[in-house]
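# Descriptive structure summary
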Amino acid sequence: MLINLTNREHARRPAGRDTSRLGRRASGISYQWLVLSSGPILVSQWVSVDFFSTALRIIARVSARSFIGLPVCRNEDWLNLAIAFTEDLIATASNLGTISKLFRPFYAYMWNSAKTIKSHKRRAQTLLAPTIQKRFEEQRLAEENGAVYQGPNDLLQWLIDRVEPHHKTVDALSELQLLVGLASVFATARTLVTMIYDLAEHRDCIQPMREEMETVISENGGELDRGVLRKMRKTDSFLRESMRMGTFLLSFNRMAMKNVTLSDGTYLPKGTLVAAPALMFSSDPDFVEDPETFDGFRWYKKTLEAKAGALMGNGSATTSSNNLAFGHGKHACPGRYFAVEEIKTILTFILLQYDIKYPEGQSRPPNIQIGELASPNRTQKIMFKKLPGPKKFSFL
Ligand code: HEM
């Protein structure tokens, strides 16, 4: 099944403190064909899709378009590597986490973990070296000619421009790309999958979201851009509700780096681990009315009640002390605006071209709790069917 993503003007923000400036700098991005699974759904019949692995590939590819650009973002080896690095690192961390610190190097050696991670890093260097070296060379030539080098507008260039001079190497920049993938790809794919599972369960929300998408895109002359994504309030509300219901047990994990006394007198000695009960905040009736009910348009209705329909803290990327899906405070997720726009873009392409549902007799599988984490079922199939009629927008 193929989804054609040819959004030409979707600006996005690479992760980092300076994301708003980068967002403004971001230029047009052309998403070509995104492979969802094996073949195109061209006929109007239901086709079963393994959506978790599909979502991982979509997110890895769309993210790579913004992180490294062409041609690497279409290189299957790179996409496989970005996914494998994250999976292997998470598995290693969780396995070694159960073992005493003293024996970890031994087990890391026994399990080949360190070797695997190192080989991923070497592969990343091999795959990214031509792109990075080309940019170094172009920059050198531009400077020799007294010109200012205008590199492509992507995360790689942002890093090249910003890292300390001794990190301006193929090794360091490749590793940074893997690490940004680690922070972003799984979290975003998990959120997209959760949202699709919720949508397939609450199908009554699909048509209103579709209509809103069509309206705001039509009002923008048929172009999908950041301003349009921001106007998709119903989609934003559904995303926030989906994140609320699927949140982790804990968020805002911190360690006291020195002895500290909080404003209420609580004393935290250096080394104390602190976390906020994210799930409690999102399921406590003191904070959320009727918390057990999934109400896709809960946050949309709240924005309507708020002054002049402003988001007023109800947006999906807004963090607060009781909305911790993206953490909060100084270290809140810097990639959250990017992630929300990425998810909304992909969702626009899905909902404007396909209908979705669970296979006959199936419904939303519960999330799987792994310690403090919650993951959507990885084997659940989702049925997709091409919508009848001609494409409504040229970018589809
Ligand atoms: C829906 C997708 C995502 C979710 C749910 C998510 C969630 C989070 C959470 C809960 C934190 C910890 C915040 C805290 O402790 O206060 C975090 C941190 C972080 N995220 Fe995300 N994230 C997502 C996407 C992304 C993306 C796309 C990027 C990069 C482009 C990214 C980069 C980071 C980084 C670099 C940090 C560390 C920030 C710091 O320590 O200062 N995330 N994320």
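Residues numbered from 1 in each chain as written. Predicted model: local features only at pLDDT ≥ 70, side-chain atom pairs only at ≥ 80, totals over all residues. Heavy atoms only, no water.

In the nomenclature of an unreviewed UniProt entry, the protein chain corresponds to (Perigord truffle) hypothetical protein from the organism Tuber melanosporum. Per UniProt, the protein chain carries the Cofactor (unreviewed entry) text "heme". (UniProt positions renumbered as here; feature names shortened; annotations may be inferred.)

Right, let's talk about the environment of arginine 226 for a bit. Locating arginine 226 in the fold gives a position in helix H9 (residues 226-231). Along the backbone, arginine 226 and glutamate 341 are 115 residues apart, and their C-alpha atoms lie at a distance of 7.4 Å. (Helix = DSSP H or I, 4+ residues; strand = E, 2+ residues; numbered from the N terminus.)

The strand order E3-E11-E8 describes an open sheet built from three strands, whose pairing is antiparallel. Every other strand in the sheet has two partners, leaving strand E3 (47-50) and strand E8 (354-357) as the edge strands with one partner each. Taken over all neighbouring pairs, the strand axes of this sheet differ in orientation by 35° on average, direction set aside. Note: E3 against strand E11 (residues 381-386), four bridges, orientation antiparallel. Across the sheet, the residue bridging to aspartate 50 is lysine 381, located in E11. Across the face of the sheet, helix H2 (residues 51-67) comes into contact with E3 and E11 while running at roughly 65° to E3. Against the sheet, helix H7 (residues 170-201) makes contact with E8 and E11, and its axis sits at roughly 80° relative to E8, the strand it touches most. (Pairing = 2+ DSSP bridges. Axes fitted to C-alpha atoms, helices over the stretch in contact; angles between N-to-C directions. Contact = heavy atoms within 4.5 Å.)

Moving on: the environment of alanine 189. Topologically, alanine 189 is positioned in helix H7. Along the backbone, alanine 189 and arginine 57 are 132 residues apart, and their C-alpha atoms lie at a distance of 8.5 Å. Other than its neighbours up to four places away in sequence, alanine 189 contacts Ala55, Leu56 and Ile59.

Here the focus is the pattern of salt bridges. Applying the stated rule across the entire model yields 18 salt bridges. A salt bridge links aspartate 198 to arginine 364; the shortest N-O distance between them is 2.6 Å. Of the two residues, aspartate 198 sits in helix H7 while arginine 364 sits in the loop between E8 and strand E9 (368-370), which places them 166 residues apart along the sequence. Arginine 364 carries the same exposure label as aspartate 198, and that label is buried. (Salt bridge = Lys/Arg side-chain N within 4 Å of Asp/Glu carboxyl O. Buried < 20%, exposed > 50% of the residue type's maximum accessible area, 1.4 Å probe, protein only.)

Sequence positions flagged by UniProt for "binding site: heme" (unreviewed entry) are, in local numbering, Cys333. Note on placement: cysteine 333 falls in the loop between helix H12 (298-305) and helix H13 (336-351). We classify cysteine 333 as partly exposed; its relative accessible area is 27%.

Both trends apply: most residues other than glycine have a negative phi, and most peptide bonds are in trans. Residues leucine 70 and proline 71 are joined by a peptide bond in cis, for which omega reads 0°. When you line up the elements, proline 71 lands in the loop between H2 and helix H3 (76-96). Although it is not a glycine, phenylalanine 252 sits at a positive phi angle of roughly 55°. Within the fold, phenylalanine 252 resides in strand E4 (residues 251-255).

Further remarks concern helix H6 (residues 155-162). Most of H6 sits out of view: six of its eight residues are buried. Those residues of H6 that fall on the buried side of the exposure criterion are Leu155, Leu156, Gln157, Trp158, Leu159 and Ile160.

Following the sequence through the fold, valine 47 ends up in strand E3. For valine 47, a relative accessible area of 25% translates into the label partly exposed. Spatially, the C-alpha atom of valine 47 lies 5.2 Å from that of phenylalanine 384, the residues being 337 residues apart in sequence.

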